[in-house]
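Analysis of the macromolecular model
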Amino acid sequence: MGNVITISILAVFIGVFIFISFLSKRNAEKSTNDAAEDFVIGGRSMGTVVLLLSMGATYFSTWTLLGSFGAYYREGVWFIGFAVWTIFHAVFIWLFGARIWLAGKRFGFITPGQMVEHYYESKRLRTLVAVIGIFALVPVMLIQVSGGALALDTMTDGAVPYVVGVVITSVMVGVIVLWAGFKGTAWTDTFMGVFFATILICTAIYVCNLAGGFNMFANVAAYKPELLVNNGKPMKMVEIWLGLGFGAWVLPHMWQKFYSAASPEVLGKVAVMTPFWNSWMMAIIPLVIGTAAVIPGIAPGVSKETSDTILPLVFAEHAPILGAFVVAGILAAAISTINSQLLSSASIVAEDVVNSLRSEPLSSTQSTKVTRIVVASLTTLILVLALAPGGAGLLVPIAALGFGLGLQLVPSALGMLHFRFVTEKGAFFGLIGGAGLMVLMAIFKPDIPLGPGFAGFIFNILITLCVSRFTSSVSAKSLENYHDMFDEYMRNNTSSDKKSSLVTTK
Amino acid sequence: MKTIRVLIWIIMCICLILTFMPYLNVFNAPVMIAGLPMPLALTLGCNLILTLCVITLYPLYFKPFMKALKNKPISEEKYNG
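Residues numbered from 1 in each chain as written. Chains lettered and ligands numbered in written order. Predicted model: local features only at pLDDT ≥ 70, side-chain atom pairs only at ≥ 80, totals over all residues.

Considering the overall build of chain A
Per the secondary structure count, chain A includes 22 helices and zero strands. For a compact globule of 506 residues, the expected C-alpha radius of gyration is about 23 Å, and chain A comes in at 23 Å, within 12% of that figure. Across its three principal axes, chain A shows a C-alpha extent of roughly 65 × 55 × 50 Å. Going through the 506 residues of chain A one by one, you find that 60% of them count as buried. Considering only residue pairs separated by 6 or more positions, chain A has 83% of its internal contacts joining residues 24 or more positions apart. (Helix = DSSP H or I, 4+ residues; strand = E, 2+ residues; numbered from the N terminus. Rg over C-alpha atoms; globule rule 2.2 N^0.38 Å. Buried ≥ 20, exposed ≤ 12 C-beta atoms within 10 Å, placed from the backbone. Contact = placed C-beta atoms within 7 Å.)

What follows is the structure, encoded as structure tokens:
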């Protein structure tokens, strides 16, 4: 009976998805803009609510609903540092997102690689950024699919096995993206964000009450007092800060969200609301549920090994009839992240790899067609990888690999957005060195206090600085097109009563 | 406005540094403050201040940016690459 309810709710949920995708497709068809721009970044027309919820739902994923609960269960208050850096996402919207938006608006970019080539005048760097971007997204996409399927398997006691869950998630993602493009992903993200946020808030209130309300942490102390003091490991937290913090803007699918904003006003309002969504809700609610789970009776059967399934376990014990909503919420979280990543990866392949290899650029319609083909191919690849041994498992380390690779893109991005002294050769060899070291460390696992992502990042910065010191700067035209523009609009505008250069130049 | 901007950045840096203290075993005693363990209370307090700082980004940075764009709209050039 329980499984019948679960499957029925999932069917309704999938139906709602398809309906929203249909509405967004119909809306997109009315647009008269450039086809690729519409398909990949929603025609630069996203408003505040859709962009906020879409960015939140994309960034917070299966990892939030599964992995972060487990991290708090295993590490206690040590993991709260994560909530601090989700506040900084808002700061990053100003420091990086607004500049990305401005350059994208001026030159009509739809992928990060286009901006890289235009600024550094380097095809090789564009290709390298594209390849690293895709490799950074694949493990994160994989955990969404495997995490959703794992939860489905647990919640239904195997009635909906892992394999079926993987197929449902992959097919849903493929259909939404192929059918409705960016607007479809943004609108479904908005629905899914509201859906799983509601589940999180209701669950946190229920669990907090069950765990003793204001005495919750005192009750936790009675069972595992060690969770309530920070257990050190500062370098590990720095790595999480850098990976998850910078990953919020430098990974290609997040970068393209900035391009999609309708105006700087939208970006500003999204920045103001980001702390409430990203930190106070998505990062702190898992703290309540994850740490409360150590109290007997909250999540029976939980252990370090099964800590990534705390949420399904809580519902299985206290509200099995509502468990189907959690499963749907987990699927929502997975799909809302992977759809943006999939569309982003496909557009990178079409624009930055296929298009840049051709002597004659693809037309906008051809580019959209190639993007759709790549979406279908990548969906199949993810499906195969998720079914391969090792596709499931503890989620955080796998995601960290993806975010670590994304981190390697930061120095070259900073060159475009803030630091004039970064040269093409500096950015190129820094990226190769950082990503190369990271891969070597991930394979050979040397016994040093730095993780692969952080070590690669430091190495990358050092190479970028050294090589940039001895090689020729980017062209004066690039400096004028980017840094002078940023200075004019964003740096020299301190006093609102204005003697800003842009007014005086007129 | 420049002074307020600098002040906001200083406050944000101080809060960020404070939140890192428990990782260095400072402000990390096993005592409760208002029902919260000390390192958690410190981090959440700083989080609250950081949230307020972030809210000021809109009038301090985004509004002048919007005004600058309104005064001089950007000239769009299509990139064919």
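Examining the overall build of chain B
Helix and strand counts for chain B come out as three helices and two strands. Based on the C-alpha atoms only, the size of chain B along its principal axes is roughly 60 × 35 × 20 Å. Residue burial in chain B is summarised as follows: out of 81 residues, 27% are buried. The contacts of chain B with a sequence gap of at least 6 include a subset with a gap of at least 24, amounting to 53%.

Quick notes on the interface of chain B and chain A
Each partner contributes to the interface: chain B provides 43 residues, whereas chain A provides 48 residues. Here the side of chain B that touches chain A gets eleven residues from one element, more than from any other, and that element is helix α3 (residues 57-71) of chain B.

A closer look at unusual backbone geometry
Residue and element names in this part refer to chain A. Of note, the phi angle at Lys 233 is positive, near 50°, even though the residue is not glycine. Mapped onto the elements, Lys 233 comes out in the loop between α9 (216-223) and α10 (234-250). Not every positive phi belongs to a glycine, and Lys 445 is a case in point at roughly 45°. Residue Lys 445 is classed as exposed on the basis of its 9 C-beta neighbours within 10 Å.

Details of the confidence of the model for chain A
For chain A, mean pLDDT is 86; residues scoring 70 or higher make up 93% of the total. Scored below 50 in pLDDT, residues 496-506 of chain A shows 17 contacts in the model against residues more than four places distant or in partner chains. (pLDDT = per-residue confidence, 0-100.)

Some thoughts on the packing of helix α3 (residues 48-59) of chain A against helix α11 (residues 252-260) of chain A
Residue and element names in this part refer to chain A. Where α3 contacts α11, the axes come no closer than 11 Å and their chain directions differ by 180°. Regarding the angle of α3 to α11, the classification is roughly antiparallel. The residues of α11 that touch α3, namely those facing Leu 51, Ser 54, Met 55, Thr 58 and Tyr 59, are His 253, Met 254, Lys 257 and Ser 260. (Axes fitted to C-alpha atoms, helices over the stretch in contact; angles between N-to-C directions. Parallel < 35°, antiparallel > 145°, perpendicular 65-115°, else oblique.)

A few points about α3 of chain B
Residue and element names in this part refer to chain B. End to end, α3 covers 20 Å across 15 residues, agreeing with the expected 21 Å (1.5 Å per residue, within 8%). A bend of about 25° at Lys 63 is the largest found in α3, and the proline Pro 64 appears one to four places after it. Residues of α3 that are buried: Leu 57, Tyr 61, Phe 62, Pro 64, Phe 65 and Ala 68. (Expected span 1.5 Å × (residues − 1). Bend = angle between axes of the 7 residues up to and from the residue.)

Re the nonpolar core
Residue and element names in this part refer to chain A. Among the nonpolar cores identified, the biggest contains 194 residues, and Ile 289 and Ile 310 are the most heavily contacted of them. Sort the elements by how many residues they give to this core and helix α15 (residues 323-357) lands first, with 18 residues. Residues within four places of Ile 289 in sequence aside, it is in contact with Phe 69, Thr 203, Ala 204, Val 207, Ile 310, Leu 311 and Val 314. (Core = buried A, V, L, I, M, F, W, Y, C linked by C-beta atoms within 7 Å.)

What to know about the environment of Ala 334 of chain A
Residues and elements named next belong to chain A. Within the fold, Ala 334 resides in helix α15. A count of 32 C-beta atoms within 10 Å places Ala 334 in the buried class. Remark: the alpha-carbon pair of Ala 334 and Lys 183, spanning 151 residues in sequence, is separated by 18 Å.

Considering helix α6 (residues 112-120) of chain A
All names here are of chain A. In terms of burial, α6 is largely enclosed, as eight of its nine residues are buried. Listed in full, the buried residues belonging to α6 are Pro 112, Gly 113, Gln 114, Met 115, Val 116, Glu 117, Tyr 119 and Tyr 120. Where α6 ends, the next residue or the one after it, Glu 121, has phi of about 50°, a positive value.

Side note on the packing of α3 of chain A against helix α8 (residues 162-210) of chain A
Residue and element names in this part refer to chain A. Running from N to C, α3 and α8 point in directions that differ by 70°, and their axes come no closer than 8 Å. Between α3 and α8, the angle is such that the two are roughly perpendicular. In contact with Val 49, Val 50, Leu 53, Ser 54, Gly 56, Ala 57 and Thr 58 of α3, α8 contributes Ala 186, Trp 187, Asp 189, Thr 190, Met 192, Gly 193 and Val 194. Class assignment for the residues of the contact of α3 with α8 results in eight nonpolar, five polar and one charged. (Nonpolar A, V, L, I, M, F, W, Y, C, P; charged D, E, K, R; others polar.)

Some remarks on the confidence of the model for chain B
In this model, chain B carries a mean pLDDT of 93, and residues with pLDDT of at least 70 account for 99%. Interface confidence for the predicted complex, given as ipTM, is 0.95, next to a pTM of 0.91.

What to know about the environment of Leu 251 of chain A
Tracing the chain through its elements places Leu 251 of chain A in the loop between α10 and α11. Excluding its chain neighbours within four sequence positions, the residues that come into contact with Leu 251 of chain A are Ala 136, Leu 137 and Gly 406 of chain A.

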